[in-house]
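# Geometric and topological summary
Chain residues, written in single-letter form:
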Amino acid sequence: MQNYAITNHLTPFISMQNHYNVVYRGEEREMMPTLQHFRVGSIPWSPLARVFVCRPLSERSQRADNDSMIKGYDNESNREVTRRIEEIAKKRGLSMAQISLIWVMNKDLVSAPIVGTTNLKNLEDLIAVVNEKLTDEEMKYLEEPYQPMKFFGH
């Protein structure tokens, strides 16, 4: 589609909305390299993995109990990533949601994540970390347990 648009003097794509977060990284296999090749930005939806990465595993939430999609993230490697998010959040004095969003925003091709919040305070908390960075060590620590998983949510 990019080549067709360019060849025919049409407007090429400048961004793509894709399913991407710290526990769902299948886009890194093919889509992110393609976006980089064509210089197209990523606008990930579900950057907080439907809140899977926003609270300790021992805490329950109404969404976790009622959202059938959230179960797609639940596996041992993702539980380990969530534990590590909690660890970094405690060390830095931030929320798990903030750490998860910082991870997404630290990825080179991400232009702007699409966050869905249920209240203004949650949105303000996320906005507060827009300019934050994770260290290279923190990024690696969060990414290390990741295991590729079956595609879902599309």
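Scroll up for the structure.
Only a predicted model underlies this, so the values are computations on that prediction, with no experimental measurement involved.

### A few points about the layout of surface pockets
Empty space within the largest pocket amounts to approximately 520 Å³. Along its surface, the largest pocket is lined by 23 residues, and L48, V51, C54, G116 and T117 are the ones closest to its centre. When residues of the lining of the largest pocket are traced back to their parent elements, those giving at least two are α3 (62-66), α5 (96-105) and α6 (120-127). The greatest single-element share of the lining of the largest pocket, amounting to three residues, is contributed by α6.

### Regarding a nonpolar patch on the surface
On the surface, L120, L123, I127 and V130 cluster together into a nonpolar patch covering about 350 Å² of accessible area. The topology assignment puts V130 in the loop between α6 and α7 (136-143). Residue classification places V130 among the partly exposed positions, given a relative accessible area of 43%.

### Some points on the packing of aromatic side chains
Here a ring pair, both rings aromatic, is described through the centre-centre distance and the interplanar angle of the planes. For the coordinates displayed, the defined rule picks out four aromatic pairs. Consider the rings of Y24 and Y73, whose centres lie 6.4 Å apart with planes at 90 degrees: the pair is edge-to-face. Of this pair, Y24 sits in the loop between β1 (15-16) and α2 (31-38) while Y73 is found in the loop between α3 and α4 (76-92), placing the two residues 49 residues apart along the sequence. Each member of the pair, Y24 as well as Y73, carries the same accessibility label: buried. Each ring, one from F52 and one from Y73, has its centre 6.1 Å from the other, and the planes form 35 degrees; the classification is tilted. Here F52 is found in the loop between β2 (41-42) and α3, whereas its partner Y73 is found in the loop between α3 and α4, with 21 residues between them in sequence. Summarising the burial analysis for this pair, F52 and Y73 share the class buried. Ring pairs connect the aromatic residues Y24, F52, Y73 and F151, which therefore count as one cluster. Directly above the aromatic system of Y146 lies the positively charged group of R25, at a separation of 4.4 Å from the ring centroid. Lying over the aromatic face of Y141, R84 brings its terminal NZ or CZ to 4.3 Å of the ring centre.

### A look at the side chain of E86
With respect to the element layout, E86 can be found in helix α4. Setting aside chain neighbours within four positions, we find E86 in contact with P56 and M96.

Parameters at a glance
- Residues numbered from 1 in each chain as written.
- Predicted model: local features only at pLDDT ≥ 70, side-chain atom pairs only at ≥ 80, totals over all residues.
- Heavy atoms only, no water.
- 1 Å grid on protein atoms, 1.4 Å probe; cavity = no way out; pocket = protein on both sides within 12 Å on 5 of 7 lines; lining within 4 Å.
- Points joined across faces, edges and corners; volume = space filled by probe spheres on them.
- Helix = DSSP H or I, 4+ residues; strand = E, 2+ residues; numbered from the N terminus.
- Patch = residues over 30% accessible without salt bridge, like charges linked within 9 Å, V, L, I, M, F, W, Y side chains within 5 Å.
- Areas by Shrake-Rupley, 256 points an atom, 1.4 Å probe, with all protein chains shown as cover.
- Salt bridge = Lys/Arg side-chain N within 4 Å of Asp/Glu carboxyl O.
- Buried < 20%, exposed > 50% of the residue type's maximum accessible area, 1.4 Å probe, protein only.
- Phe/Tyr/Trp six-rings, centres within 6.5 Å; stacked < 30°, edge-to-face > 60°.
- Lys NZ or Arg CZ within 6 Å of the ring centre and 35° of its normal.
- Contact = heavy atoms within 4.5 Å.

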